[in-house]
Amino acid sequence: MKTITLRRGKAESLKRFHPWIFSGAIERADEHLEEGELVRIVDFEGKFLAIGHCQIGSIAVRVLTFEEEPINEAFWESRLRKAFAVRKAEGLVHEQSNDIYRLVHGEGDRLPGLVVDVYEDTAVMQAHSVGMHLARHTIAKALVEASEGLIKHVYYKSETTLPFKADLGQENEFLIGQTDRNIASEYGLKFYIDWLRGQKTGFFIDQRENRRLLEHYAKGRRVLNMFCYTGGFSVYALRGGAEVVHSVDSSAKAVELTKSNAALNFPNDHRHEAYAEDAFKYLERMGSEYDLIVLDPPAFAKHKGALRNAIKGYTRLNAIAFEKIKPGGILFTFSCSQAVDKEQFRLAVFTAAARSGRHVRLLHQLHQPADHPISIYHPEGEYLKGLVLQVD
Ligand code: SAH
């Protein structure tokens, strides 16, 4: 294994288990290091620090272990067994009629660059680093082993997540097994999961607990689910006894998916309608008919540079909701931009609320669920924030 030596004084964050090495921290590296290769990291005195996957870019290494150990199938299996144990403890693994959960959340599961979502007996695996891509077959095997019979199929979906420049000619494919089953259950509700063509791994698992919370508020309400994608919030609202549920997304495909998911759970239920339209257009045009509004937009800021505009976007979006929501209404509002932190998002939403001149109470402060864990040494792993507010 080749070696990277860190500059003097640059080993401190690694000693605190931060899993990234930035290129600026490197004193020297062995020749011909290839992207994705395993590399040993030593400090300026040559003392072992970590082993990780090498990358091109400002993050030069993603650390897999801080111990001197072989990175082989047993290594992957042991990490994956831990990931399963955590999800079992959370009650997500085939309990409470639930067989949709995130099994691996990158750094949060000490597997930087890897995401694995489980849909019934299929695992959908995404590599965000070339190192994970190169290890995909070994990881897939270890995944099936670690699952003790739960996972039968492993689908690999990294076409859009790998660095374009790496030019790996990768494709989306089954690495193990093959299935065309495409329905899985979240807390007793069924969803079509389009892992072949859908966004991310096909479903936004990270809103599960927040959807369940919305269900408790839905009874007798007129619900608008803006940015509905697969209609997760809509289906929970229907189960919660909403009077009507309107789902909106600019993507016609998302609207179709929402309609099918509503029909899958509540066939011939006329309370639900879905529309393909731009969010701002719809919000400007609508009246004050809704008393439960969900705003779950895509990430407005993909990086820090876009922060100011993103915050303006959140303020503008929420301002319309505060202005138009019926008295007594409840707003569920989210940001999944990692670059916008909790405080900034709160400020944007509170500014919007104040602009409406209405009395607003903060009821809940929401975040990503326990199957999207955050390593305390890697606070960058926190991304999903939500607020539930009541408007007089
Ligand atoms: N709430 C969803 C996830 C939302 S993802 C869930 O629980 O699963 C964000 C969605 O916003 C995507 O489906 C995308 O198509 C949609 N979108 C992006 N820009 C939009 C716009 N300007 N108007 C309406 N929808 C938009």
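Above: the structure in question.
All chains use their own residue numbering, which begins from 1 and follows the written sequence. Totals for whole chains, interfaces and linings use every residue, but because this is a predicted model, local features are given only for residues with pLDDT of at least 70 and side-chain atom pairs only at 80 or more, for both listing and counting. Computation of side-chain values covers all heavy atoms of the structure but excludes hydrogens and water.

K.L.:
Quick one: what's the story with the pairing of strand S12 (residues 183-186), residue by residue and with numbers?
P.N.:
Strand direction decides the pairing type here: S12 and strand S13 (residues 189-192), joined by four bridges, are antiparallel. Looking at S13, one finds that isoleucine 183 is bridged to tyrosine 192. In sequence, S12 turns back onto S13 through a hairpin of two residues, with tyrosine 187 there showing a positive phi of about 40°. When DSSP finds at least two bridges between two strands, those strands are taken to pair. Runs of H or I in DSSP of at least four residues are treated as helices and runs of E of at least two as strands, each being numbered from the N terminus.

K.L.:
Before we move on, can you summarise the packing of helix H5 (residues 208-217) against helix H6 (residues 232-239) with the specific residues and values?
P.N.:
Where H5 contacts H6, the two axes come as close as 8 Å, and the packing angle between them is 30°. Comparing their axes, H6 and H5 come out roughly parallel. Note on packing geometry: the crossing formed by H5 with H6 is right-handed. Facing H5, whose interface residues are Arg208, Asn210, Arg211, Arg212, Leu214 and Glu215, H6 presents Gly232, Phe233, Tyr236, Ala237 and Arg239. All axes here are fitted lines through C-alpha atoms, helices being fitted over the stretch that makes contact, and every angle between N-to-C directions spans 0 to 180 degrees. Should an angle lie under 35 degrees it is considered roughly parallel, over 145 roughly antiparallel, and from 65 to 115 roughly perpendicular; all remaining angles are considered oblique. We call a crossing left-handed when the near helix sits turned anticlockwise from the far one by less than a right angle, and right-handed when that turn is clockwise. The contact rule is simple, with two residues in contact once any of their heavy atoms fall within 4.5 Å.

K.L.:
I'd love a proper account of the site of the ligand, names of residues and values included.
P.N.:
In the vicinity of the ligand lie 16 residues, with Arg211, Asp249, Asp278, Ala279 and Asp296 positioned nearest. Here a polar contact is recorded for every N or O atom pair within 3.5 Å, except that within protein the pair must consist of a potential hydrogen donor and a potential acceptor, and residues adjacent in sequence are included only if both atoms are side-chain atoms. Here serine 250 contributes a backbone N or O atom positioned 3.0 Å from a nitrogen atom of the ligand. In the model, a nitrogen atom of the ligand is placed 2.8 Å from a nitrogen or oxygen of the alanine 279 main chain. Exposure was quantified through the Shrake-Rupley algorithm and a 1.4 Å probe, taking into account, for residues, occlusion by the shown protein chains and nothing else. Burial of the ligand by the protein chains amounts to 87% of its free accessible area of 590 Å². Counted by class, the shell around the ligand contains seven nonpolar, four polar and five charged residues. Definition of nearness: a residue and a molecule or strand are near each other if at least one heavy atom of the residue lies within 4 Å of the molecule or strand. Residues are grouped as follows: Ala, Val, Leu, Ile, Met, Phe, Trp, Tyr, Cys and Pro are nonpolar; Asp, Glu, Lys and Arg are charged; all remaining types, including Gly, are polar.

K.L.:
Which residues make up the environment of glutamine 55, and what values go with them?
P.N.:
Residue placement: glutamine 55 occurs in the loop between strand S5 (48-54) and strand S6 (59-65). Only protein chains enter the accessibility calculation, which uses a 1.4 Å probe; a residue is then buried when its area is under 20% of its type maximum, exposed when over 50%, and partly exposed in between. Judged by its relative accessible area of 16%, glutamine 55 is buried. In this structure, the C-alpha to C-alpha distance between glutamine 55 and lysine 2, residues 53 residues apart in sequence, is 14 Å. Not counting residues up to four positions away in its chain, the partners in contact with glutamine 55 are Glu35, Ala60, Arg62 and Ser129.

The quantities given are spatial measurements derived from coordinates; they are silent on function.
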